[in-house]
Structure formats: C-alpha cells, structure tokens
Amino acid sequence: MIDTHILLIIALILLTTKGLSIAMRRIHMPQVIGALIAGVLLGPAVFNLVEPNDTLSVIAEFGVIFLLFSAGMETDYRQLKHALKPSLLISVIGIAAALGGGFLVAFLLGKPTFESVFIGVVIASMSTSITVEALSEMGKLKTKTGTVLLGAGVFDDVFVIIILAITMGMGSSNFSVITLVIIIIKIIVFFAFAIGTGILVNKLFNWAYGIFGEKRRFTIFAFAYCFLMAYLAEFFGLADIIGAYIAGISFCNTRCVDYLETKTHSISYMFFTPVFLANIGIQTSFEGMTGNLILFTLLLVFVAIFSKILGCGLGARLSKFTNRESLQVGVGMVARGEVSFIVASKGIAVGYISSLIFPSIIFVVLITVLVTPLLLKAAYPKDLYADR
C-alpha cells in the first residue's frame, strides 16, 4: 500500500502548476515559470503544504527523462551534426568561465582553495531540462541555436562528471591516473554502445513501421529503449538524462517519430513534467541563511548567470553565430539543475565543502531556473506560446 497522502500532494501540484502556468500565459510570460513558482509556494519556502519526499523525487526523475527523450526526438539530425564542434567549444568556454568565477567568489570571501575549486565545479554545469522545456514552449527547439544548446548541455554534463572525478581525487589518497583513465574509458564505451544501438534501433523501427504502420507497441518498445539507455548512462558514470536524450536522437529521423512524439508528450506534459518542475521549487528552503551566507549566495548567483552568458556567448560568437544567436545560446546555458545538486552532495558527503553552503546552491539553482525562461523570452522577442 502506498501512502495515500501522496495522492493529495499530486492533485495539489497538478492544479497549482496548471493554474499558475495559465496565469503566466495570460500575462505573456513563459508557462514554465508558473510551474516553478507553484512548487515554491507549496514547499517549505512559503506555505509548507508539501515536504520534499522520495516519491516526488522519483516521479520528477521520470519527468526529466521523458523531457530529454522528447527533446532528442525533436532534434534536427542534420543540424546536430553541424552543431557538434560549436557545442563543444561553447561548453568548454562556459564551464571554464563558471568554474573560474565560482572559485573567485568563494576564495575572495575566505573559503579555502580546495573548497573554492569545488564550489566552482558545483556551478559549472547547466540544466538541459529547463532550457528544453522553455524552448519547446516557444517552438524553438529545432532551431540552429536550440540544437547547439542541447549538444552543449550534453558536453557540459560529461565534462563536469570528469572534472568532478578529478576534483574528488585531488582530496583522496586513493586517486590515481589509472582511476581517471577508467572513467574516460567508461564514457567512451557508453557512447560507442549508444551510437551502435541507436543506428540499429533507427533501422529496425523504420522497417517495422513500413510493415505494420502506427502501433502502440512502437511506443512501448521506444520507452523501454529510453529507460535502458538512461540506466546504462548511470551505470557508466553519467547522468541518466544523457542516455534518454541519445535514445530520443535514435528516433529523430524515423518514419514513426511524429507518432512517438505525440504519445510521449501526452504522458509527459499531463503528469510527469509538472511534477518535475514543481519539485524544484518544493526542494527550496532558506533555513540557516546568515548575513555572510546571503552575500556569498548573491555573488554566486551573479557569477552563475553572467559567466554562462559571457562564456557560452563567446563560444558561439567564435563559432560564427550572429550576435543575436550568441546571446540566445548564452542565456540558454544559464539554468542550473540536478548536476549541481549531485556535485554539491558528493562534496558535502566527503567533507570537501561545508554543508552550510547547500542552501546557497539551492538558491542558485532556483534563481537561474526562474530567470532562464525570462531571458530566453527576451532573446526571442516575437515568440508565441502554445496553450497546454
């Protein structure tokens, strides 16, 4: 038997996220903002009607997996091939700017050198899922900048995982070059497997669709492959969303992609995505925020936002994007999310950073998640928002 209280919680989340999303649309604001605000209002930060819990976290994880799976299916494969080099450059410069900025803020405010480096790593990676949701709402996911943002987001996660391993090793006597080599080999093996199976799945689904037409079994098999790739990504030391996104790319140019997208959107946007977005706000708490910690948090938020805008924007400009496109790329890389939580949790668990800064990380994630859709709306001034 499940705790039936969770049913009431989900009902509250669905009602408030949809209600506030509609309100945001009425005032020409991104609907994702409404869902995030709903979570903040329901959670400990305001009315404390919903406490963070494991059940919500599991549902939210399904939400982000479906979101990235959908994004993969909506990717323009030809644009993606052309976007790999710019995505790599944008990711590298953006990570360097954020890591360096985070280090400087922490170090200048008196944090030890090693802890300052770790704080820089915490804010280095962006949240692909929030940008995907905002771009999808604006109908810009398949654009040149949308494609390069997705590619850069994947590179961000991969590089931050490698940097995390190196940083963790710097403070551990058991770390060696062999450990780092093993991590890199595991990542290479995963991507080799993902590319090989992706080509096979693509051909298989095209063949089956030509024979059977639209069948519900296609969606079931596609979901199974998505979850398998998400699991394998975690198994090989990467984030599950990378596996889900690559699984989606496997279907992006198949004959059945429109059918699969429709089925995935129905499940995701009616249930899992609202819970995922609200859960970010529900996890927000400002307990233990002292004066010095507030100053540190505000400076970290400033650096988190502008390091990505400037760093990733520079990477886009060096890749011969226009000024407008470079701005779109920069602001699209601002949001932080689950990877920041993962890095901070690992650092706190082994004593490399103080547990007192965790509220600061939560605040950085919340603010960057809230401002990213607003910045994207400003960067795409003539967008129309779909009613959902």
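Residues numbered from 1 in each chain as written. Predicted model: local features only at pLDDT ≥ 70, side-chain atom pairs only at ≥ 80, totals over all residues. Heavy atoms only, no water.

Visitor: In this structure, what is going on with the overall build of the chain? I would like to understand it.
Guide: The number of helices and strands found in the chain is 15 helices and zero strands. Since a compact globule built from 388 residues should have a radius of gyration of about 21 Å, the 20 Å found for the chain is in line with a globular shape. Projecting the C-alpha coordinates of the chain onto the three principal axes gives extents of approximately 65 × 50 × 50 Å. Counting over 388 residues, the chain shows a buried share of 54%. When contacts within the chain are restricted to residue pairs at least 6 apart in sequence, those whose partners lie at least 24 apart make up 81%. Counting 26 positive and 21 negative side-chain charges, the chain places the centres of these two groups 11 Å from one another. (Helix = DSSP H or I, 4+ residues; strand = E, 2+ residues; numbered from the N terminus. Rg over C-alpha atoms; globule rule 2.2 N^0.38 Å. Buried < 20%, exposed > 50% of the residue type's maximum accessible area, 1.4 Å probe, protein only. Contact = heavy atoms within 4.5 Å. Lys, Arg positive; Asp, Glu negative; His and termini not counted. Charge placed at Lys NZ, Arg CZ, Asp CG, Glu CD.)

Visitor: I tried to follow the layout of surface pockets on my own but got confused; where do I start?
Guide: Gaps left between atoms are located by rolling a probe of water-molecule size over the structure's atoms. The volume enclosed by the largest pocket comes to roughly 700 Å³. Sorting the residues of the lining of the largest pocket by element identifies helix H4 (77-108), helix H7 (144-170), helix H8 (177-212) and helix H10 (240-250) as the ones contributing at least two each. The biggest single contributor to the lining of the largest pocket is H8, with seven residues. Across the lining of the largest pocket, the residue classes tally to 16 nonpolar, five polar and two charged. (1 Å grid on protein atoms, 1.4 Å probe; cavity = no way out; pocket = protein on both sides within 12 Å on 5 of 7 lines; lining within 4 Å. Points joined across faces, edges and corners; volume = space filled by probe spheres on them. Nonpolar A, V, L, I, M, F, W, Y, C, P; charged D, E, K, R; others polar.)

Visitor: Just checking my understanding: could you explain empty space enclosed by the protein for this structure?
Guide: Following the criterion strictly, the structure yields one cavity of 30 Å³ or more and no others. As a volume, the largest cavity reaches approximately 40 Å³. As for the largest cavity, its lining consists of Leu68, Thr128, Leu150, Gly153, Val154, Asp157, Ile241, Ile242 and Tyr245. Elements represented by at least two residues in the lining of the largest cavity include exactly H7 and H10. Counting residues per element, the lining of the largest cavity draws most heavily on H7, which supplies four residues. Within the lining of the largest cavity, the residues separate by chemical class into six nonpolar, two polar and one charged.

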